[in-house]
Protein chains: 2
Amino acid sequence: MNGVTNGSAVEHNAQLNVPLTPLDSSKLRITLANTLKALPPPEDQVIGKNYTDHMLVVTFDPAKGWSDPEIKPYGPLSIDPACSVLQYGTSCFEGMKAYLGPDGKARLFRPEQNMARLKRSADRLALPSFNELEVLKLLKRLVAIERHWIPALPGHSLYIRPTIIGTRPSIGVSASDHTILYIIMSPTGPYFRTGDEGISLLALGDPARSWPGGIGGHKVGPNYSPGFKSLEQARELGYQQVLWLIGEKISEAGIMNIFAVVKRDDGEYDVITPPLDGTILPGITRQSAIELVSAHPVRTILPGLDDSIRLHLHEQDITMTQLKAWFTEGRLTEIFVTGTAALVGHIGRIGFKGEDIMLTRHEGGGGPVARALYESITAIQEGREVWEDWSVLCE
Amino acid sequence: MNGVTNGSAVEHNAQLNVPLTPLDSSKLRITLANTLKALPPPEDQVIGKNYTDHMLVVTFDPAKGWSDPEIKPYGPLSIDPACSVLQYGTSCFEGMKAYLGPDGKARLFRPEQNMARLKRSADRLALPSFNELEVLKLLKRLVAIERHWIPALPGHSLYIRPTIIGTRPSIGVSASDHTILYIIMSPTGPYFRTGDEGISLLALGDPARSWPGGIGGHKVGPNYSPGFKSLEQARELGYQQVLWLIGEKISEAGIMNIFAVVKRDDGEYDVITPPLDGTILPGITRQSAIELVSAHPVRTILPGLDDSIRLHLHEQDITMTQLKAWFTEGRLTEIFVTGTAALVGHIGRIGFKGEDIMLTRHEGGGGPVARALYESITAIQEGREVWEDWSVLCE
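Every chain begins its residue count from 1, and numbering advances along the sequence as written. Chain letters start at A and ligand numbers start at 1, both assigned in the order the entries are written. The predicted origin of the model limits local features to residues at a pLDDT of at least 70 and limits the giving and counting of side-chain atom pairs to 80 or more, whereas totals for whole chains, interfaces and linings rest on all residues. Computation of side-chain values: all heavy atoms of the structure, hydrogens and water removed.

Trainee: Before we move on, could you go through the overall build of chain A and cite the residues and values that matter?
Mentor: Of the regular secondary structure elements, chain A holds seven helices and 22 strands. For this measure, only C-alpha atoms enter the radius of gyration; the expected value for a globule follows 2.2 Å times N^0.38, where N is the number of residues. Expected size for 395 residues packed as a compact globule is a radius of gyration near 21 Å; at 22 Å, chain A falls within 12% of this value. Judged by the C-alpha coordinates and their principal axes, chain A covers about 70 × 45 × 45 Å. For each residue, the accessible area found with a 1.4 Å probe, counting protein chains only, is set against the maximum for its type, and the residue is called buried under 20%, exposed over 50%, and partly exposed in between. Put simply, chain A has 395 residues, and 57% of those count as buried. Strands are runs of DSSP state E lasting at least 2 residues, helices are runs of H or I lasting at least 4, and numbering of each runs from the N terminus.

Now the structure itself:
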């Protein structure tokens, strides 16, 4: 039997011919924790070290559709040992942050972009679909309830982890028609506490993180655990993260997008980042950096730069050979990485085939472009400046 | 602080400098279910539809090491929402089967191969290590307890799913130093109930299942969910499984290894399967098929073949162009697939770029080589024939 659409958008259960309940934020049920945890001190505000008092949970069952969403005390999930996520890596997630503005109000940064990406990730893994704007409404509600968990310190925020797992309780190898969608949150300070010297990367092409036709362009669980061993290898050799190569081409740095700043013969600067060819995560901080660099100096002047500094943004492949050539010629002024967790981080050193590329050291941390982007994006995230509709209030 | 090895094999907790408890089957604790489930009828003996009464569970904690193993009633696992397996696809597993012999005793097929592969898979995902022979002892004990769940019908068996999941309760992106190792079991009959016409495959190169430097050579969760969408696409187009290509090269069929039988000018046969270059799962049925084909006719005569039929085994790349050429020349006598679930299945049809390759139809099902291997391996698995040390009693 086929599904019945009745010309409407209501999904139906194909076997039972009954309409499936859509994900509906208005049906939210809230159960608050009896006792609340103490907020961790700033030094313990590290992603994943502490979680807030509550989480959001909503489930999909193919016979009924989406359950009533629930905000309830943070706690373990009960999962059948045969479930798809435990067997076949059926999971996808988002990384987001909530920030406190000078008005004391909680803000999200371009959250509709995360919701759209989460929906694409779920589709890539053949997981049930949902109205992503309903999830955003629920997320805002959760942030409002946990608002006191957002640290008020500069560079601190409340990291948010929306997750979808496939919970079909069968080891038969096919798509999961059951899911749990949940959101957990963890207060966090700066991701890398590296100081002036910057982040160190070990460039590796084998093992590979991603490949054409693979899943590297989606934020899905299976992109991550296969990289753990390489990360351990990098750390043993004294590097903090892996610079993933595909053949000669630079792909991602750890779990971040990467940019190179190259001085041209005419004294202006190329800002280059690998293109979204399906092997690279379409980072929202990456996209924001691209848009801000492209806006300078006509639509905005980036902090610390002046309008005499011209930046030319290129989404194009970067090979290690090219990078080394720029370095040798003294034209490689900065390499920086972007991501929700790290925001903008500057690279100090790249190990490749037994040699190190030692990047120019800038006083006080990153180079001018990385610093400008860090300052600019932080100001927008924290509501100190307004740029388009990037900052969204949670009320 | 570094880990302390004391010149012995005992692992130590690096921070606390205390020895970690090794995985020890002698510490097994057994809690039997109060009521036992009814055995499903043969038509419900499908992998993943029903699970036996008990499961084996043992956990690793980095502060203590391995817990006492437990056999206990089958039931859900309690998993923190931040756990590695739910976020980062940190899981690996094995597929095995238990068979009833004519003597009524339970048997496993080359189980030490599965245990060695499970250990390699865990290492590939940077999960804690273990003594795989201890796991095998525990598995045998579980099979012995669930012996009445092994169907006595021909072609039926008890499918066994050892699984390891990373349970580090943190969304920080690094290796999981907590795990749960568990084993669940499901009674099963023939995997494909396709009859004479054989299995249909849709050849796809994009999306890709695996790639050099990837994880295709390991039995890890992240290899599977990224293929669900392609499987749905194949089914919508009327095919049962995906034939995964890497560029032009044939890789795997669904979740099985693939073999082509090609008649040569001299009247003898080449039996060709893609090599283990890291992109293909090193199947234990694949290896067994290779060894049996290579043994014919000197060390054994395969069932239904006679010693005048000469088979030449090659592990070499097969391109779609080559396959189509053999087909057009009338030399492609069989294509078959191997795997623990399906054992040996014959391919009837391969769709590629809008055309179908319709394989020769053999009366009663597979071609002579596929049938010979099916008969031979089944006889060994069920203890009706002895071949080397492939069949192992569970007592």
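Trainee: With reference to specific residues and values, describe unusual backbone geometry.
Mentor: Cis geometry marks the peptide bond from D206 of chain A to P207 of chain A; its omega dihedral reads 0°. Here P207 of chain A is to be found in the loop between β13 (199-204) and α4 (228-236). H296 of chain A connects to P297 of chain A through a cis peptide bond whose omega is 0°. By the secondary structure assignment, P297 of chain A is in the loop between α5 (284-295) and β18 (311-315). One non-glycine residue, E388 of chain A, adopts positive backbone phi at about 45°. The exposure class of E388 of chain A is partly exposed, given its relative accessible area of 44%. Of note in the backbone geometry, L343 of chain B takes a positive phi value of approximately 65° without being a glycine. Here L343 of chain B lies in strand β18 (residues 343-352). With relative accessibility at 8%, the residue L343 of chain B sits in the buried group.

Trainee: Outline the side chain of Q45 of chain B, supporting the account with residue identities and numerical values.
Mentor: Residue and element names in this part refer to chain B. If you trace the backbone, Q45 turns up in the loop between β1 (29-30) and β2 (54-61). A relative accessible area of 7% means that Q45 is categorised as buried. Any N or O atom pair separated by 3.5 Å or less is treated as a polar contact, with the protein-specific requirement of one donor-capable and one acceptor-capable atom, and with residues adjacent in sequence counted only for side-chain atom pairs. Reaching out from Q45, the side chain makes a polar contact with the side chain of H156 at a distance of 2.7 Å.

Trainee: Go over the domain arrangement of chain A, please, and point to the residues and values.
Mentor: All names here are of chain A. Entries for chain A in the domain assignment read domain 1 (12-188) and domain 2 (195-390). Residue ranges assigned to each domain were obtained from an automatic or database domain assignment. Using C-alpha coordinates to define each centre, domain 1 is positioned 28 Å away from domain 2. Should any heavy atoms of two residues lie within 4.5 Å, those residues are considered in contact. Facing 26 residues of domain 1, the contacting portion of domain 2 comprises 26 residues. Two parts placed together each lose some accessible area; with a 1.4 Å probe, that loss summed over both constitutes the buried area. Of the roughly 2200 Å² buried at the junction of domain 1 and domain 2 (both faces included), carbon and sulfur atoms supply 58%. Sorting the residues of domain 1 by area buried against domain 2 places F109, R110 and R117 first, and these three jointly supply 31% of that buried surface. Each reported salt bridge corresponds to a side-chain nitrogen of Lys or Arg within 4 Å of a carboxyl oxygen of Asp or Glu. Our enumeration of links across domain 1 and domain 2 arrives at one salt bridge. In this structure, the salt-bridge partner of R110 is E291, at a minimum N-O distance of 3.3 Å. Taken together, the connections running from domain 1 to domain 2 amount to 11 residue pairs in polar contact (both at pLDDT 80 or more). Looking at the side of domain 1 that touches domain 2, the elements that each hand over two or more residues are β8 (91-93), β9 (96-100), β10 (106-109) and α2 (111-124). It is α2 that provides the largest number of residues to the side of domain 1 that touches domain 2, a total of six residues. Grouping the constituent residues of the side of domain 1 that touches domain 2 by class yields 11 nonpolar, eight polar and seven charged. Gly is placed with the polar residues, together with every amino acid not listed as nonpolar (Ala, Val, Leu, Ile, Met, Phe, Trp, Tyr, Cys and Pro) or charged (Asp, Glu, Lys and Arg).

Trainee: Provide a residue-level description of the packing of aromatic side chains, including the pertinent values.
Mentor: Each aromatic pair joins two rings of Phe, Tyr and Trp (for Trp, the six-membered one) with centres within 6.5 Å, and gets the label stacked for planes under 30 degrees apart, edge-to-face for over 60, and tilted for any other angle. Following the criterion strictly, the structure yields 20 aromatic pairs over all chains and no others. Judged by centre distance (4.9 Å) and plane angle (10°), the rings of F259 of chain B and F336 of chain B are stacked. Residue F259 of chain B is located in strand β14 (residues 257-263), and its partner F336 of chain B is located in strand β17 (residues 332-339); the two are separated by 77 residues in the primary sequence. Ring pairs connect the aromatic residues Y88 of chain A together with F93, Y224 and F228 of chain B, which therefore count as one cluster. Definition used: whenever NZ (Lys) or CZ (Arg) falls within 6 Å of the ring centre and also within 35 degrees of the ring normal, the charge is taken to sit over that ring. The ring of Y74 of chain B has K37 of chain B sitting right over it, with the charged end atom 5.2 Å from the ring centre.

Trainee: Describe the environment of P222 of chain B, naming the residues involved and giving the relevant values.
Mentor: Relative to the elements of secondary structure, P222 of chain B occurs in the loop between β11 (199-204) and α4 (228-236). Taking C-alpha positions, P222 of chain B is 27 Å from H346 of chain B, a pair spaced 124 residues apart along the chain.

Trainee: Can you explain the pairing of strand β7 (residues 96-100) of chain B? Please cite residues and give values.
Mentor: Working note: regular strand, side chains alternate between the two faces of the sheet. Residue and element names in this part refer to chain B. Burial runs high along β7: four of the five residues are buried. Two strands pair under a simple rule: DSSP has to find at least two bridges between them. Where β7 lies against strand β9 (residues 157-166), three bridges are found, and the strand directions are antiparallel. Bridging from a neighbouring strand, A98 pairs with L158 of β9. Strand direction decides the pairing type here: β7 and strand β8 (residues 106-109), joined by three bridges, are antiparallel. Looking at the pairing, L100 lines up with A106 of β8. Linking β7 to β8, which pair antiparallel, is a turn of five residues; within it G104 sits at a positive phi near 80°.

Trainee: Which residues make up the relation of the copies chain B and chain A, and what values go with them?
Mentor: Least-squares fitting of one copy onto the other uses the C-alpha atoms of those residues that reach a pLDDT of at least 70 in both copies. Each copy superposes on the other: chain B lies on chain A with an RMSD of 0.0 Å after a rotation of 180° and an axial shift of 0.0 Å. Classification of the inter-copy transformation places it as that of a two-fold axis. Most of the interface of chain B is mirrored in chain A, where 94% of its interface residues are also at the interface.

Trainee: Outline the UniProt feature "modified residue: N6-(pyridoxal phosphate)lysine" (unreviewed entry) in chain A, supporting the account with residue identities and numerical values.
Mentor: UniProt positions are given in the numbering used here, feature names are shortened, and annotations may be inferred rather than shown by experiment. Under the present numbering, the feature "modified residue: N6-(pyridoxal phosphate)lysine" (unreviewed entry) in UniProt falls on K219 of chain A. Secondary-structure assignment places K219 of chain A in the loop between β13 and α4.

Trainee: I'd love a proper account of the pattern of salt bridges, names of residues and values included.
Mentor: Scanning the entire structure with this criterion turns up 39 salt bridges over all chains. Taking the shortest distance from any N to any O, the salt bridge between E268 of chain A and R264 of chain A comes out at 3.7 Å. For the salt bridge of D317 of chain B with K249 of chain B, the shortest nitrogen-to-oxygen distance reads 3.5 Å. Highlighted residues: D317 of chain B in the loop between β16 (311-315) and α6 (320-328) and K249 of chain B in strand β13 (residues 249-253), separated in sequence by 68 residues. Within this structure, R264, D266, E268 and D270 of chain A form a network of salt bridges that share partners.

Trainee: Requested: an account of α4 of chain B, with residues and values cited.
Mentor: Buried within α4 of chain B are the following residues: F228, S230, L231 and A234 of chain B. End-on view of α4 of chain B: buried residues confined to an arc of 160°, all on one side of the axis. Buried positions along α4 of chain B lie against α1 (84-88) of chain A together with β11 and β12 (241-246) of chain B. Within two residues after α4 of chain B, G238 of chain B carries a phi angle of roughly 90°, on the positive side. What the arc measures is the spread of directions leading from the helix axis to the C-beta atoms.

Trainee: Please give an account of the confidence of the model for chain A that cites residues and values.
Mentor: This prediction gives chain A a mean pLDDT of 94; 95% of its residues lie at or above 70. In this model, residues 1-9 of chain A is a region of pLDDT below 50 whose contacts with residues beyond four sequence positions or in other chains number nine contacts. Every residue carries a pLDDT, the predictor's confidence in it, which falls somewhere between 0 and 100.

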